[in-house]
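# Chain and residue survey
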Amino acid sequence: MTRRAADLLVDCLVAHGVDRGFCVPGASYLAVLDALVDRTEIAVVVARHEGGAGFMGVADAKLTMRPGVVFVSRGPGATNASIAVHVAQQDAVPFVLFIGQIERKDVHRRAFQEVDYRQTFGDMAKHVEVVTDGERVPEAIRRAFHLAQAGTPGPTVVVLPEDMLLDEVEAEVLAPKPVAVAHADAGVIAEVAARLAAAERPAVIAGGLMRGADGRAALLELAEATDTPVIAAFKQQDLFPNTHRLFGGHLGYMAPDEQVRLVGEADLLIAIGTRLGDVTSQGYRLPMAGQELVHVYPDPETAPIAADPVAFARALAKAAPRRSNTNAEARARWAERLHGRHARLAVWTPVEAKDGVVFGHPTVALIGRVPGDAIFVLDAGNFSGWLHRHFPFSGRHRLLGVVAGAMGFGMPGAVAAALRYPGTPVVALIGDGGFLMTGTELATAIRHKARLVAIVSNNGSYGTIRQHQEKHYPGRVKATELANPDFAAFARSFGAVGITVSTSAEAPAAVAAALAADGPAVIDVRSSLEHISAFTTLSAMAPAK
Ligand SMILES: Cc1ncc(C[n+]2csc(CCOP(=O)(O)OP(=O)(O)O)c2C)c(N)n1
C-alpha cells in the first residue's frame with residue numbers, strides 16, 4: 001500500500017499514543033494539517049504564538065509523563081518555539097517539536113525562512129533529524145519519541161521538508177521503541193540502605209522525575225518506611241504532603257541561609273530524580289564539603305547511580321531496615337528540626353501595604369477554596385514566592401513550573417492543564433510581566449472553553465529584576481517599570497471573566513468567583529511593589545541613611 005508521507009506521519013503519531021498536538025500553522029506543513037483533518041485520534045490545539053504552543057506541549061508532557069507534541073512552521077515559527085525546546089531540556093521533559101521546512105531542492109540557498117535546525121537546536125535538543133526521504137518517516141518518529149524519553153528526558157526536533165510530506169511511500173508504521181528502565185544493582189541498593197540505616201540526619205532531595213503518581217507513592221513509602229525527611233527540589237514542592245512531619249521544605253530560588261545551613265547538616269543526602277542544578281543546590285553550596293551524597297538519576301553523565309529514580313526509591317524503601325533502627329531518636333529530632341523550620345516559614349501573617357495588595361492575600365485565599373487535587377501553574381517571577389512559602393501542597397496537588405525560569409509559561413501551561421484535566425480546577429499565578437508575554441493564549445482558552453483561573457500580580461514592574469537592581473545598584477531603577485492595561489477589562493474583551501482586586505479584603509471573594517466561573521477567569525490584583533517578594537520589602541532593602 002502506498003500513502004502520502006504526511007498520512008504515514010499521522011499514523012505513526014497515533015501508533016505512539018499521541019492524542020493531542022499544539023501548533024501554529026504554516027504553509028510549510030500544510031500536508032500534515034490536511035492529513036489531520038479526518039483523524040479523530042489527535043486533537044489539534046491552535047495557539048496564538050509558537051512560544052505559547054511550545055509551553056502547552058511542555059505542560060502537557062509534565063502532566064502526562066509522555067512526550068509533548070508541537071508543530072510549528074519553519075524559520076520564524078521554529079525560532080519562536082525555541083523557548084520551549086530550551087525549557088524541555090532544562091526541565092528534563094520529553095518533547096517532540098515538528099518543524100515544516102523548505103523544499104529539499106532549495107537547501108543551503110538561504111531560501112525563504114530557511115534555517116539549519118541542526119545548528120540552531122544543536123545545543124538544546126537531544127536529537128535533531130531532517131527527514132529527507134518520506135520512506136524514513138516511521139524510523140524518524142520512532143527515534144524522536146524514543147530519544148525524548150530515554151535516559152534524561154528532553155526535547156527532540158523533527159524537520160519536515162514541505163515536498164517530502166507529499167512523497168508517495170510504501171513504508172509501514174513502526175511501533176514505539178521500548179524505553180529502557182535502568183535498575184540499580186541489588187548490591188548498590190543494599191549499600192545505600194546500610195548507609196541510610198546508619199545515618200542520624202539523612203534527607204532525600206526529590207526532583208522532577210518523581211512527579212508521576214508512582215514517584216510520589218514511592219517517595220512517601222521510602223520516607224515513612226525509613227523515617228527519612230523529604231526535601232523538594234526547586235519547584236517540586238507538590239511531590240510530598242507539605243504538612244507531613246517528614247516534609248523537609250523546598251530548596252527554592254535564594255532559599256533562606258538558615259535553611260541551607262540546616263540541609264548542610266544532613267549526614268546523608270539522597271538526591272533522587274533531580275540534577276541538583278544551581279537553584280536546588282543553592283549555587284552549588286549543597287552538598288557541602290564533606291557531606292555524603294547518594295545521587296540517583298537515569299543517566300551516568302549526571303549521577304554515579306544511573307538508574308530509574310522511581311524504581312530506585314521503591315527498591316530502597318523495601319531494602320532499608322524499618323524505623324526501629326538504633327538512631328530512631330536522633331532521626332525524629334532531625335525530622336522535627338527540618339519540618340519545624342519549614343512550618344515556621346510557612347506561617348502567613350497578614351500584612352497590609354500602602355501601595356497595593358500584598359500578593360500573599362490572594363495566594364492564601366486559595367487555601368481551602370481549591371480541592372486537594374487542583375493543578376497550579378506558575379509563570380516565572382517573584383509573585384510565585386508566596387505560593388511556595390505559604391501554600392500547603394497536599395501531595396496530590398500538581399505544581400507546574402519552569403525550572404529553567406522562563407517567563408510566559410503561566411497562561412499557556414494553564415490552557416494545556418485545563419484541556420488535559422477538564423474536571424480539575426487549574427490556577428495559574430502570573431506576573432504582569434509574564435502575563436503580557438503570552439497572556440494572549442487566553443484566546444485559546446476561550447476557543448476551547450478551558451476552565452482556568454489566572455491570578456495576575458499587577459505591581460507595575462518586572463519585580464524580580466527590580467529586586468536584583470535594588471540589591472546591586474540601589475536606587476538606580478532602569479527598564480523594570482511597566483505600564484499596564486486594565487487586565488480585567490482585557491480579559492473581558494476576550495470573553496473571559498475579569499475581576500479586579502484593589503484591597504486585600506476583596507481577595508477571597510474574587511478567588512471564589514473566579515473558581516466558580518464556567519470558563520477562563522482573570523483576577524487583576526493591584527499588588528504592592530513595596531512588598532516585592534514573600535521575603536523582603538523595598539524599604540528593607542534600601543541602604544541605611
Ligand atoms: C522569557 C524571559 N525573559 C526574561 C527573563 C528575566 N526575568 C526573570 S523574572 C523577570 C521579571 C518578572 O516580572 P513579573 O512577571 O512582573 O513578575 P514579578 O517578578 O514582578 O513578580 C524577568 C524579566 C526571564 N526569566 N524569562
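In short, a report on the structure.

Definitions and cut-offs
Residues numbered from 1 in each chain as written. Predicted model: local features only at pLDDT ≥ 70, side-chain atom pairs only at ≥ 80, totals over all residues. Heavy atoms only, no water. Pairing = 2+ DSSP bridges. Helix = DSSP H or I, 4+ residues; strand = E, 2+ residues; numbered from the N terminus. Axes fitted to C-alpha atoms, helices over the stretch in contact; angles between N-to-C directions. Salt bridge = Lys/Arg side-chain N within 4 Å of Asp/Glu carboxyl O. Near = heavy atom within 4 Å. Polar contact = N/O pair within 3.5 Å; in protein donor to acceptor, adjacent residues only side chain to side chain. Areas by Shrake-Rupley, 256 points an atom, 1.4 Å probe, with all protein chains shown as cover. Nonpolar A, V, L, I, M, F, W, Y, C, P; charged D, E, K, R; others polar.

It is worth spelling out the sheet that holds strand 16 (residues 398-400) at this point. Adjacent strands of a sheet form backbone hydrogen bonds with each other and so pair up, either parallel or antiparallel. Overall, parallel pairing links the 6 strands, which are arranged 16-15-17-18-20-19 in an open sheet. Lying at the two open borders of the sheet, with one neighbouring strand each, are strand 16 and strand 19 (497-501). This sheet shows a mean twist of 20 degrees between the axes of neighbouring strands, independent of strand direction. Bridge count for strand 15 (residues 375-378) against strand 16 is 3 bridges, and the pairing is parallel.

Right, let's talk about the pattern of salt bridges for a bit. Close approach of charged atoms lets side chains of opposite charge pair. Considering all chains together, one arrives at 32 salt bridges under this definition. A salt bridge links arginine 195 to glutamate 191, with the shortest nitrogen-to-oxygen separation between them at 3.2 Å. On the criterion of helical spacing, the pair formed by arginine 195 and glutamate 191 is a turn pair, its members being 4 residues apart in helix 7 (residues 186-198). The residue lysine 318 makes a salt bridge to glutamate 221 at a minimum N-O spacing of 2.8 Å.

Near the ligand lie 19 residues; those nearest to it are Gly405, Asp432, Gly433, Gly463 and Thr464. Glycine 405 places a main-chain nitrogen or oxygen 2.8 Å from a nitrogen atom of the ligand. Within the contact set of the ligand, an oxygen atom lies 3.0 Å away from a backbone nitrogen or oxygen of serine 461. Protein contacts shield 78% of the accessible area of the ligand, which totals 590 Å² for the unbound molecule. The set of elements that each furnish at least two residues to the shell around the ligand consists of helix 15 (432-438) and helix 17 (463-472). With 4 residues, the single largest contributor to the shell around the ligand is helix 15. Broken down by class, the residue content of the shell around the ligand amounts to 8 nonpolar, 10 polar and 1 charged.

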